[in-house]
Amino acid sequence: MAENDIHSAKCAFYDIFFTNASEAIFITDPKGRMLTANPGYLHKFDICESQAIGKIPAILKSGGQDEDSFHALFRTLKRRGSYRGEILNKRGDGEVLREWLSISSHKNGKGEITHYVGTVIDAANQMSQSLNKHYYDSLTMLPNRLLLQDRLEFMINHARRNNELMALLLLDIDRFKLINDTFGYEIGDALLQLMADRLITCVRDVDVVFRSGDDEFAIILEEVAHQEDASKVAKRILNACAGVIKVSGHDIHTSVCIGISIFPIDGDGKVPILQNAETAMHRAREVGLNNYQHYKPSMNARALERLTLENDLRNALGRGELSTFFQPQVEIKTGKITGMEALIRWRHPEHGMIPPNQFIPIAEDTGLILSIGEWVLRSACAQARKWQKTGEPLIISVNLSANQFQQEDLVPLVESALRDSGMLPSLLELEITESMSMKNPEDTLKTLTSLKDLGVRIAIDDFGTGYSSLSYLKRFPIDTLKIDRSFLMDIPENSRDAEIVKAIIAMSHSLNLSVIAEGVEKETQAQYLLEHGCEKMQGYLFSPPVPAQEFDRLLHAQRG
Ligand code: C2E
Ligand code: MG
Ligand code: MG
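For clarity, every value in this text was computed on a predicted model and none was experimentally measured.

Undergrad: Tell me about the sheet that holds strand β11 (residues 256–263), and name the residues and values.
TA: One open sheet accounts for five strands, arranged β7-β8-β6-β11-β12; its pairing is mixed. The open sheet has two free edges, formed respectively by β7 (208–213) and β12 (291–294), since each of these has just one partner strand. Between one strand axis and the next, the sheet turns by 25° as a mean value, whatever way the strands run. Alignment of β7 against strand β8 (residues 216–224), held across five bridges, turns out to be antiparallel. Opposite R211, over in β8, you have F217 as the bridge partner.

Next up, the structure:
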């Protein structure tokens, strides 16, 4: 058959299909202006051809679709070459219909977009709709975890055949749960949508972004030449996602953690590639905010190490490996020690001193924190009572962990620790972190009120690192704000941090709260704090945390 015949047969087929299809089909130019629409379209939208041609199809920008989502749709379309999603179609008679819209772009030989072809089908009763729902996340319009599994398998086979590398990046939004808890789900959802948009801008057209979990995204990078190529993309993503995002009038500080695994270096199939990217992501989360990690076999060794540590921790209390250190809090004007923070220490028989930041999270996960926390509280109170007897009215601060704070019998526990030790309640200060306090503010208010009824003091620890609601802060019965060390590290040189510190001090004065800066290491920091009205400090400049006997010596020296 001649090529001409085939071509005209094809044209006839497309023509018949276009004319008779029950779906609404339309074709636009690259700017989204309608070139032609089939009868199904004109019927569905109750519009005549002359009204439609040359204009942007109403379905793309009206009937519940606001300007923002219209632009988002076009951005997605440009980057990804296609778009699928549910839209609302407001008909002339006022009825609002849910429709499923899919659009794909058509390019010429030079790779330039020449047309967009769109189809619209009734969302309520179409098979393809449920299929789409199955594979696409309706919030971000990104393919979901199911499709990730499929695509990963496909890409691995492709890479294997062509002797190529392929990278899987797993991303987790830092502190997403906190953001959700603080601002509510609507803001959380909006943030996820913005993040999805940003991620798409960071990758090439051929790379696919997935929403693989609640606050988790995945990206498959194909045809990766070197491991560094994946690092470059990771860096670009970190840059694009770190900073302040405005969502419904709230300034939200965001960043992500990324784990990377590369086929075939880090695994020979879908399962190890996914698992190892996950391990790398967990490692990135442990390292801190805003970083990426390539998978390393030692990370699995680390996981094993953690398991061993967990077992050791179960026995640590009974074996007397835990102790409490005390770090003085100083009133800078008089140079006098006014109190101290009790900080737990674990001397491991093989590994030596293990810092609390390493074992407290394990204790939290395993529930061991409740017995450990009770032990710290009781031994701190007993020690405070000794100092109280020598005539030093020192305030002792004890940290409460998140689980401890939510524990039902926290109030009776504190009461019993006070009673058994015989110390004055007004000399005990309980520290909860800012993030803990804002998690369930109404519950926090109740717990804090009952604790205050016992006569103890309350401090908000690590202040400035979470998201405080000022209205709650005003309602909480708190006595002290502790400015987090991270804001002090670079003051006075870092003007942004310096301003934050100034603002926290001013705020605590206006709320009638006592304020203390922690992690003061340099004279210049102390000077700045004093100048701006913060008179209490804690940090290596004065003393590191020390055992009780050494603290005795500090007190003795002061008296002398
Ligand atoms: P945190 O409550 O914010 O305690 C302050 C931390 O800063 C302590 O670390 C302290 O040693 C350190 N620090 C104080 N001054 C300086 C300084 O000038 N420079 C530097 N670089 N660091 C300074 P530590 O003892 O390692 O404790 C870390 C965290 O572990 C604590 O942070 C607290 O959140 C937690 N923690 C410690 N003991 C306990 C405890 O008994 N119970 C609970 N739930 N958490 C605890
Ligand atoms: Mg503390
Ligand atoms: Mg702190």
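Now, onward.
Undergrad: How would you sum up the domain arrangement of the protein? Please name residues and give values.
TA: By the assigned domains, the protein splits into domain 1 (3–134), domain 2 (145–305) and domain 3 (319–559). Domain 1 puts seven residues into the contact, and the matching count from domain 2 is five residues. On the domain 1 side of the contact with domain 2, R79, R80 and H134 bury the most area, a combined 70% of that side's loss. The interface formed by domain 1 and domain 2 includes zero salt bridges. Taken together, domain 1 and domain 2 are joined by zero residue pairs in polar contact (both at pLDDT 80 or more). The biggest single contributor to the side of domain 1 that touches domain 2 is helix α5 (residues 67–80), with five residues. The residue inventory of the side of domain 1 that touches domain 2, partitioned by class, reads one nonpolar, one polar and five charged.

Undergrad: Explain the packing of helix α14 (residues 369–389) against helix α16 (residues 410–421) to me, using residue names and the numbers behind them.
TA: For the pair α14 and α16, interaxial distance at closest approach is 9 Å and the crossing angle is 30°. In the packing of α14 onto α16, the handedness of the crossing is right-handed. Residue-level contacts link E374, L377, R378, C381, A382 and R385 of α14 to L413, V414, S416, A417, D420 and S421 of α16. Counted by class, the contact of α14 with α16 contains six nonpolar, two polar and four charged residues.

Parameters at a glance
Residues numbered from 1 in each chain as written. Chains lettered and ligands numbered in written order. Predicted model: local features only at pLDDT ≥ 70, side-chain atom pairs only at ≥ 80, totals over all residues. Heavy atoms only, no water. Pairing = 2+ DSSP bridges. Helix = DSSP H or I, 4+ residues; strand = E, 2+ residues; numbered from the N terminus. Axes fitted to C-alpha atoms, helices over the stretch in contact; angles between N-to-C directions. Domains from an automatic or database assignment. Contact = heavy atoms within 4.5 Å. Buried area = accessible area lost by both parts, 1.4 Å probe. Salt bridge = Lys/Arg side-chain N within 4 Å of Asp/Glu carboxyl O. Polar contact = N/O pair within 3.5 Å; in protein donor to acceptor, adjacent residues only side chain to side chain. Nonpolar A, V, L, I, M, F, W, Y, C, P; charged D, E, K, R; others polar. Left-handed = near helix turned anticlockwise from the far one by under 90°.

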